[in-house]
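As a plain string of letters, each chain reads:
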Amino acid sequence: AKDSGKGRFKVYDTALERTHEADQQLGAEMRRAFDAHEFTLMYQPIVRLPDGAWTGLETLIRWPHPDRGFIGPDTFIPIAERTGLIVPLGTWILHTALGQMAAWDAEFGPGVAPRELGVNVSARQLREPGFAGEVREALSFSGVSPDRLVVEVTETAVFDGGVALDTLLEIVRLGVKVALDDFGTGHSSLGLLRTVPADTLKVDKSFVAGIGGSSEEAVIATAMIQITDGLHLKAVAEGVETTAQADTLYGLGYRFAQGYLFSRPLPPAEVRSRLTEGQLA
Ligand code: C2E
Ligand code: CA
Ligand code: CA
Ligand code: CA
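Predicted model, so just to flag it, every value in this text is computed and none were measured. (Residues numbered from 1 in each chain as written. Chains lettered and ligands numbered in written order. Predicted model: local features only at pLDDT ≥ 70, side-chain atom pairs only at ≥ 80, totals over all residues. Heavy atoms only, no water.)

> Is there a simple way to explain the site of ligand 1 in this structure?
The environment of ligand 1 is made up of 22 residues, and the closest members are R62, D181, K205, E241 and Y260. Contacts to ligand 1 include N120, whose side-chain N or O atom sits 3.0 Å from an oxygen atom. In the model, an oxygen atom of ligand 1 is placed 3.0 Å from a nitrogen or oxygen of the D181 side chain. Computed on the free molecule, ligand 1 has an accessible area of 800 Å², of which 84% lies beneath the protein chains in the complex. (Near = heavy atom within 4 Å. Polar contact = N/O pair within 3.5 Å; in protein donor to acceptor, adjacent residues only side chain to side chain. Areas by Shrake-Rupley, 256 points an atom, 1.4 Å probe, with all protein chains shown as cover.)

Have a look at this one:
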């Protein structure tokens, strides 16, 4: 650390270095974990309001770390983006999730597993040349119809246009759907909706959380449903935890939701048994 002669600067530098070192260590461990097939995928239902029927599943990655317990994607995905591991990891996620969907279709017949499969795709993946080709390959390998795949991207990943947007357009030409994730939290403007070929807006949970009263969040959630209706987009409310929130959202016009109220992210075996039981909550 640079010793500026002032203790607080030194402390600050040291803390930064420690974080950087920890990140590097985690990055190396991720590489090992990837090679050792330690990552797993969970699937969280996206439901129709008001009956709660499953219309989709969002793929969410998990890292059950051998010593440190469970490490969440908010911790390790940003590191994977910096190290570039997100590229092979992302390809693995696509193949695994699509393969899983194909397996459920084969077991239960068409129309039992939810129609849509959401897969989160990071900015780094969209900037990788050949990513659209990977998507095409994963689709044809699995045999899942392209219009059942929903690529979830954040506003920030595509707001500056350029390669990321080009890649997204290439993916759309395959017939794949696009959802704008965490909508309302990024650095974008509503003008983005004219350039990004989105089919769905996922309204961030921070707006859903405060929706009870006459809060600013409720005003924003109302404006968002008006925009999606007007532009013929599908709105999915994220992070719905209470029946009060679900009722309010339904009253505002929301017809799709996701959150702990309906289901936590589920391991594949659990999805399977829910499909066996006819799926309703
Ligand atoms: P996200 O795409 O916004 O995913 C939704 C997050 O909200 C998930 O956290 C989910 O478990 C959580 N969630 C669902 N329902 C509720 C609820 O009712 N209340 C609350 N408080 N949270 C709820 P998770 O699985 O920890 O993932 C965090 C983020 O990590 C994701 O946010 C996404 O940005 C990223 N991520 C997860 N899986 C992947 C992946 O496979 N690839 C990439 N690139 N990113 C991923
Ligand atoms: Ca998402
Ligand atoms: Ca989200
Ligand atoms: Ca998020």
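> Where do I start with the packing of helix α3 (residues 86-108) against helix α12 (residues 268-276) in this structure?
A pair of packed helices can be characterised by two numbers: the angle between their axes and the separation between those axes. Orientation of α3 relative to α12, taken along the N-to-C sense of each, is 30 degrees, at an axis distance of 12 Å. When the axis of α3 is compared with that of α12, the two are roughly parallel. Where α3 crosses over α12, the handedness of that crossing is right-handed. When α3 is examined against α12, the residues Q100, W104, E107 and F108 are found in contact with a partner set consisting of P268, V271, R272, L275 and T276. Looking at the contact of α3 with α12, its residues break down into 5 nonpolar, 2 polar and 2 charged. (Axes fitted to C-alpha atoms, helices over the stretch in contact; angles between N-to-C directions. Helix = DSSP H or I, 4+ residues; strand = E, 2+ residues; numbered from the N terminus. Parallel < 35°, antiparallel > 145°, perpendicular 65-115°, else oblique. Left-handed = near helix turned anticlockwise from the far one by under 90°. Contact = heavy atoms within 4.5 Å. Nonpolar A, V, L, I, M, F, W, Y, C, P; charged D, E, K, R; others polar.)

> Quick question: what am I supposed to make of the packing of aromatic side chains here?
Pairs of aromatic rings are described using the distance from one ring centre to the other and the angle between the two planes. Scanning all chains against the criterion turns up 4 aromatic pairs. A ring pair is formed by F39 and F76, whose centres lie 5.5 Å apart and whose planes are at 50 degrees; its orientation type is tilted. Residue F39 is located in the loop between α1 (7-35) and β1 (40-48), and its partner F76 is located in helix α2 (residues 73-83); the two are separated by 37 residues in the primary sequence. The pair formed by F39 and F76 is uniform in burial state, with each residue classed as buried. Measuring from centroid to centroid gives 5.3 Å for Y43 and W104, while their planes differ by 75 degrees, and the two rings are edge-to-face. On the criterion of sequence distance, the pair formed by Y43 in strand β1 and W104 in helix α3 is long-range, its members being 61 residues apart. Y43 sits in the buried class, given a relative accessible area of 1%. Taking the relative accessible area as the measure of exposure, W104 reaches 2% and is therefore buried. Connected via pairs of aromatic rings, a cluster forms that spans F39, W63 and F76. (Phe/Tyr/Trp six-rings, centres within 6.5 Å; stacked < 30°, edge-to-face > 60°. Buried < 20%, exposed > 50% of the residue type's maximum accessible area, 1.4 Å probe, protein only.)

Bear in mind that shape data such as this cannot, by itself, settle questions of function.
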